[in-house]
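Summary of the model geometry
Each chain, written out:
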Amino acid sequence: MRDATRVVRAGLPGFAQGEPFLPGPTFANPYHLAGDPSSSAYSYGRYHNPTWTHFEQALSELEGGTAVIFASGMAAVTAVLGSVLRPGNVLVMPSDGYYTARMLAEGYFAALGIEVRTAPTAGNAQMEHLDGATLLWLETPSNPGLDVCDLAILIAAAHQHGALVAVDNTTATVLGQQPLAYGADFSVSSDSKALTGHADLLLGHVAAREPGWAERLHTFRSQQGAVPGPMEVWLAHRSLATLDMRLERQSENALEIARLLASRPEVKLVRYPGLPQDPAYPLAVRQMKHYGPIVSFVLEGKTQAERFLGACNLVFQATSFGGVHTTAERRARWGGDAIPDGFIRLSVGCEDAQDLLDDITQALDTVFAAKGNHP
Ligand SMILES: *Cc1c(COP(=O)(O)O)cnc(C)c1O
């Protein structure tokens, strides 16, 4: 079956006369349970929930592994780091990856006696740091810089060094790129972003290649308690059905916008893995099926970037990415990433491409004209 069919059907419990296609969320904590607890699939809400089971089944089918869901992407990241790493171990992370994951590693896990080594995503630079590594953490395309690294080469090298490999696949999603098919041990995702795509929930998951690791992640979740609510999980499952359509539209729109930005002299740098002149393109074209919703670009400075955002009528100002609504932010307002002040992360939605192009064009024209008045 092809992707558009797989996402529509993933995790549905099967045909039963008079039953819904996708059962509604099960709101329950304790379940009726007499006698031996192992006689029931469901006992207590922190361990399992039928709504989770359906969605985990869906993600397992799509990832080609065993999926465990968490209350957020960071809870999923924490579960992998917490299940794998012990004092004295070595973690190799991207220096340009998701800020909060880096802070968790360099703060909490480093304080537990774990050596954290970092290197950029571009140029497969993490390769040089694998001696004695326990876990190689990859993020491709990286957020927010959109550099891409070679999954096949890095995963093979890490395994030769006896290290496990986790790939944060949030920006690409499972339909954009399949880490487990490249041999990764863990595919990690914030499902708060493009996977669910409606800007209405927080969720995360890990898919493990080995069922034994999925078992350990499940135990970690049950003990540590970062469990998702059934309503969020049901919404996520409902949203999953349109993932292929959304990604297709978002990627088409993003490419057109990247082309427009690249044609404007006021724009100093444009990054989009699907743009043929992008340095990430040769690798992305081999490794990715969709190039995703994020386009990054740089205007002259903070003032110009803020003016641009203020001049947009259709593009909402907001953080995060991957939703059906096109949003943008001046990323350096948060601090922590090595990016210029005028760096804008644009998350392209599912609106009509021409409307978006028109809005961005008029906003650039407004900023450029205003600048001309103040030499
Ligand atoms: C957002 C994000 C996360 C964290 O996900 P939350 O759902 O916000 O906890 C992790 N990795 C990447 C690449 C992200 O963009």
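Going by the structure above, here's the rest.
In short, a report on the structure. If you're wondering where the values come from, they're calculated on a predicted model, not measured in any experiment.

Rules of the game
Within every chain, residues take consecutive numbers counted from 1 along the sequence as written. The predicted origin of the model limits local features to residues at a pLDDT of at least 70 and limits the giving and counting of side-chain atom pairs to 80 or more, whereas totals for whole chains, interfaces and linings rest on all residues. Excluded from the side-chain calculations are hydrogens and water; all other atoms, namely the structure's heavy atoms, are used. In summary, the pairing rule links any two rings of Phe, Tyr or Trp, Trp by its six-membered ring, whose centres are within 6.5 Å, and it sorts them by plane angle into stacked for under 30 degrees, edge-to-face for over 60 and tilted for everything else. Elements are defined by DSSP. Helices are runs of H or I of four residues or more, strands are runs of E of two residues or more, and each kind is numbered from the N terminus. Each residue's exposure class comes from its accessible area (1.4 Å probe, protein chains only) as a fraction of the maximum for that residue type: buried when under 20%, exposed when over 50%, partly exposed otherwise. Counted as over-ring charges are cases with an Arg CZ or a Lys NZ within 6 Å of the ring centre that also lie within 35 degrees of the ring normal. Any residue with a non-hydrogen atom lying within 4 Å of a molecule or strand is treated as near it. Whenever two N or O atoms come within 3.5 Å, that pair is a polar contact, provided that in protein one can donate a hydrogen and the other can accept it, and provided that, for residues adjacent in sequence, both atoms are side-chain atoms. Calculation of accessible area relied on Shrake-Rupley with a 1.4 Å probe; when residues are assessed, cover is drawn exclusively from the protein chains displayed. Each residue gets one label: Ala, Val, Leu, Ile, Met, Phe, Trp, Tyr, Cys and Pro are nonpolar, Asp, Glu, Lys and Arg are charged, and the others, such as Gly, are polar. If DSSP finds at least two bridges between two strands, the strands pair. Only the contacting stretch of a helix is used when fitting its axis, a line to C-alpha atoms as for every element, and angles between N-to-C directions run 0 to 180 degrees. The span one expects for a helix is its residue count, reduced by one, times 1.5 Å. The contact criterion used throughout is that any non-hydrogen atoms of two residues lie within 4.5 Å. Nonpolar core, defined: a set of buried Ala, Val, Leu, Ile, Met, Phe, Trp, Tyr and Cys residues in which side-chain atoms within 4.5 Å join the residues together. Handedness of a crossover is defined as follows: with both strands directed away from the viewer, a clockwise route from the first strand across the helix to the second makes it right-handed.

1. Let's talk about the packing of aromatic side chains
If you walk through the whole model with that rule in mind, you get seven aromatic pairs. With a centroid separation of 5.4 Å and an interplanar angle of 75°, the aromatic rings of Phe186 and Trp213 are classed as edge-to-face. In this pair, Phe186 is assigned in strand E6 (residues 186-190) and Trp213 in helix H6 (residues 211-224), connecting sequence segments 27 residues apart. We classify Phe186 as buried; its relative accessible area is 0%. You can call Trp213 buried: its relative accessible area is 14%. Above the face of the Trp213 ring, Arg216 is positioned so that its terminal group lies 3.9 Å from the ring centre.

2. Focus: the site of the ligand
The local shell around the ligand holds 14 residues, among which Met74, Asp168, Ser190, Ser192 and Lys193 are the closest. At 2.8 Å from an oxygen atom of the ligand is found a side-chain nitrogen or oxygen belonging to Ser190. In isolation the ligand offers 380 Å² of accessible surface; the protein chains occlude 93% of this area. Split by residue class, the shell around the ligand holds five nonpolar, six polar and three charged.

3. Some remarks on unusual backbone geometry
In this structure, Pro141 follows Thr140 across a cis peptide bond, with omega equal to -10°. Mapped onto the secondary structure, Pro141 falls in the loop between strand E4 (135-139) and helix H5 (151-160). A cis amide bond, omega 10°, links Asn143 with the succeeding residue Pro144. Counting through the fold element by element, Pro144 comes out in the loop between E4 and H5.

4. What about the sheet that holds E4?
In space, the seven strands of this open sheet follow the order E1-E7-E6-E5-E4-E2-E3, with mixed pairing throughout. A single partner strand is all that each edge strand has here, and the edge strands are strand E1 (66-70) and strand E3 (115-119). In this sheet, adjacent strand axes meet at a mean angle of 20° when their direction is disregarded. Of the pairings in the sheet, the one linking E6 to strand E7 (residues 204-208) comprises five bridges and is antiparallel in character. Within the sheet, the bridge partner assigned to Ser189 lies in E7 and is His205.

5. Re H6
With 14 residues, H6 should reach 20 Å at 1.5 Å per residue; the first-to-last C-alpha distance of 20 Å fits that figure. What H6 keeps buried is the set Trp213, Ala214, Leu217, Phe220, Arg221 and Ser222. On the buried face of H6, the contacting elements are helix H2 (50-63), E1, helix H3 (73-84), strand E5 (164-168), E6 and E7. Positive backbone phi, at 90°, marks Gly225, one or two positions downstream of H6.

6. What about the nonpolar core?
One finds Phe55, Leu136, Leu138 and Leu240 to be the most contacted residues of the largest nonpolar core, which totals 37 residues. Counting 30 residues, the second-largest nonpolar core is a separate cluster that includes Phe70, Ala101, Ala105 and Ala226.

7. Describing the sheet that holds strand E9 (residues 294-298)
Here five strands make up an open sheet; going across it, the order is E8-E9-E12-E11-E10 and the pairing mixed. Both outer strands of the open sheet, strand E8 (269-271) and strand E10 (316-317), are each paired with one neighbouring strand and no more. The pairing of E9 with strand E12 (residues 343-347) spans five bridges and is classified as antiparallel. Bridging from a neighbouring strand, Ser296 pairs with Arg345 of E12. Sheet strands in contact with helix H8 (residues 243-262) are E8, E9 and E12, and its direction is about 10° off that of E9.

8. Some thoughts on the pairing of strand E2 (residues 90-94)
The element E2 is largely enclosed, with a buried count of five among its five residues. Of the two faces of E2, both are covered, the one formed by Val90, Val92 and Pro94 as well as the one formed by Leu91 and Met93. As defined by bridge partners, E2 adjoins E3 across five bridges and the pair is classed as parallel. Bridged to Met93 within E3 is Thr118. Read as a crossover between parallel neighbours, the route from E2 over helix H4 (residues 99-111) to E3 is right-handed.

9. Quick word on the environment of Thr134
Inspection of the secondary structure assignment puts Thr134 in the loop between E3 and E4. Spatially, the C-alpha atom of Thr134 lies 40 Å from that of Cys350, the residues being 216 residues apart in sequence. For Thr134, the contacting residues outside a window of four places in its chain are Val84, Leu85, Asn89, Val90, Ala163 and Leu164.

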